[in-house]
Amino acid sequence: MQTIPGIANVPEVYIVGDNILSPIGKTTAENLEALKNGLSGVKQHTGLAMSPSPIAAALFDDEVDIDKNYTKFENLLLSSIGDIMEGNELIIKSKKTLLLISTTKGNINLLETEPHTEALNTRIALHTSAQLVANYFGFKNAPVVVSNACISGVLAILTGMRLLQSGQYENAVVAGADVVSKFVLSGFQSFQALSPEICRPFDKDRAGLNLGEGAGTIILSVHKKHPDDVKVLGGAISNDANHISGPSRTGEELGFAIKKALLDAGMTGHDIDYISAHGTATPYNDEMEANAINFAGLQHAPVNSLKACFGHTLGAAGLIEAIVAIHAIKEGIIFPSLGYAKNGVTKPININTTLIKKTVKHALKTASGFGGCNAAIVFSK
């Protein structure tokens with residue numbers, strides 16, 4: 001077990017396993033290959049029970065069912081975690097391992113199909129799903145649920161990192177998932193926030209976001225398992241205290257989180273080689289994020305958003321996009337930001353539009369969400 005330089009008894013935290021489950025792939029390798037080929041999971045869908053009008057979204061064509069006793073949301077988690085079980089059985093069965101579940105809505109879709117009873121209240125509770133998943137795999141400790149709007153995935157990784165650094169655990173399995181339902185869709189429709197086509201983050205003609213379904217899982221450990229394991233160096237969160245759904249107009253609050261994450265990681269903005277942005281393609285989010293990147297002095301770093309590839313997967317977004325950033329470090333590649341053609345933000349940022357090969361030693365992942373929450377996390381070789 002290695003410790004953080006200059007800080008006694010605080011272990012370094014490594015990512016020793018990962019999975020992405022999305023409409024364009026069932027494994028991380030399949031998803032990365034799809035990204036290399038410029039594929040998007042976002043398609044036009046018509047005739048859906050959840051929407052009388054067509055929507056552009058990244059939805060699973062087939063049900064992801066491992067066990068009919070579990071909901072679609074839970075099956076996404078079971079499938080994603082199950083993919084990384086091979087070779088990690090001892091980690092998962094250890095009393096020194098914690099399960100963290102990241103989601104925004106969980107089983108909220110059951111409100112649309114089931115009578116409202118006390119039993120339903122229990123069934124849709126996030127801790128119920130978390131415990132069912134923990135029991136399925138045989139985790140020894142009670143699971144932790146992280147649900148804080150669209151920063152949930154990044155926040156869950158940070159929570160796992162800090163619990164490992166505290167010495168309470170040696171490993172953490174961090175899994176996130178969300179499904180698109182009428183409840184979720186109608187909320188974004190009420191904001192008029194959805195794009196009728198594949199979204200265009202940071203572009204002049206962006207018209208809103210695409211929703212997406214998916215799951216992501218990473219295994220954190222204080223024990224390095226492979227020579228190329230990437231480290232979680234640090235992170236931070238902040239809040240705009242601006243509006244329940246609208247982000248800060250200045251971006252300073254996300255900028256503060258980025259600066260604090262860099263400080264926590266022991267580096268400066270000049271050390272960052274790549275930024276995986278939240279990049280929802282809504283007018284206010286992208287402008288705020290460009291302001292924040294400039295506020296933190298990171299306008300030099302290549303930036304992409306993966307929302308045009310996966311859609312906005314809500315509680316899974318931070319995990320899925322973090323995994324892509326981790327493999328950008330491992331493979332020395334940066335994926336393009338699909339849909340970007342003309343600059344649509346007032347502060348300059350370096351949007352990457354092609355698949356490039358580049359040494360990436362340090363990567364930054366950002367996220368923002370309803371309620372004004374912001375998160376930033378740093379990964380490193």
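Being a predicted model, the structure only gives us computed values, none of them experimental.

Procedures and definitions
- Residues numbered from 1 in each chain as written.
- Predicted model: local features only at pLDDT ≥ 70, side-chain atom pairs only at ≥ 80, totals over all residues.
- Heavy atoms only, no water.
- Helix = DSSP H or I, 4+ residues; strand = E, 2+ residues; numbered from the N terminus.
- Rg over C-alpha atoms; globule rule 2.2 N^0.38 Å.
- Buried < 20%, exposed > 50% of the residue type's maximum accessible area, 1.4 Å probe, protein only.
- Contact = heavy atoms within 4.5 Å.
- Areas by Shrake-Rupley, 256 points an atom, 1.4 Å probe, with all protein chains shown as cover.
- Lys, Arg positive; Asp, Glu negative; His and termini not counted.
- Charge placed at Lys NZ, Arg CZ, Asp CG, Glu CD.
- Axes fitted to C-alpha atoms, helices over the stretch in contact; angles between N-to-C directions.
- Parallel < 35°, antiparallel > 145°, perpendicular 65-115°, else oblique.
- Nonpolar A, V, L, I, M, F, W, Y, C, P; charged D, E, K, R; others polar.

Chemist: Would you mind going over the overall build of the protein with me for this structure?
Modeler: Counting its secondary structure elements, the protein contains eleven helices and 16 strands. A globule of 381 residues ought to have a C-alpha radius of gyration of about 21 Å, and the protein, at 19 Å, matches this closely. Expressed as a percentage of the 381 residues in the protein, the buried residues total 60%. Considering only contacts within the protein whose residues lie at least 6 apart along the sequence, 77% involve residues at least 24 apart. Summed over all atoms, the accessible surface of the protein reaches about 15,000 Å², with 53% contributed by carbon and sulfur. Distance from the positive charge centre (31 side chains) to the negative charge centre (35 side chains) of the protein: 4 Å.

Chemist: Any chance you could explain the packing of helix H1 (residues 28-36) against helix H11 (residues 317-331) here in plain terms?
Modeler: Relative orientation and spacing of two packed helices are given, respectively, by the angle between their axes and the distance between those axes. The interhelical angle for the contact between H1 and H11, taken along N-to-C directions, is 75 degrees, at an axis separation of 11 Å. Taken as axis vectors, H1 and H11 run roughly perpendicular relative to one another. Between H1, through Thr28, Leu32, Leu35 and Lys36, and H11, the contact on the second element is made entirely by Ile323, Val324, His327 and Glu331. Of the residues contributing to the contact of H1 with H11, the split by class is four nonpolar, two polar and two charged.

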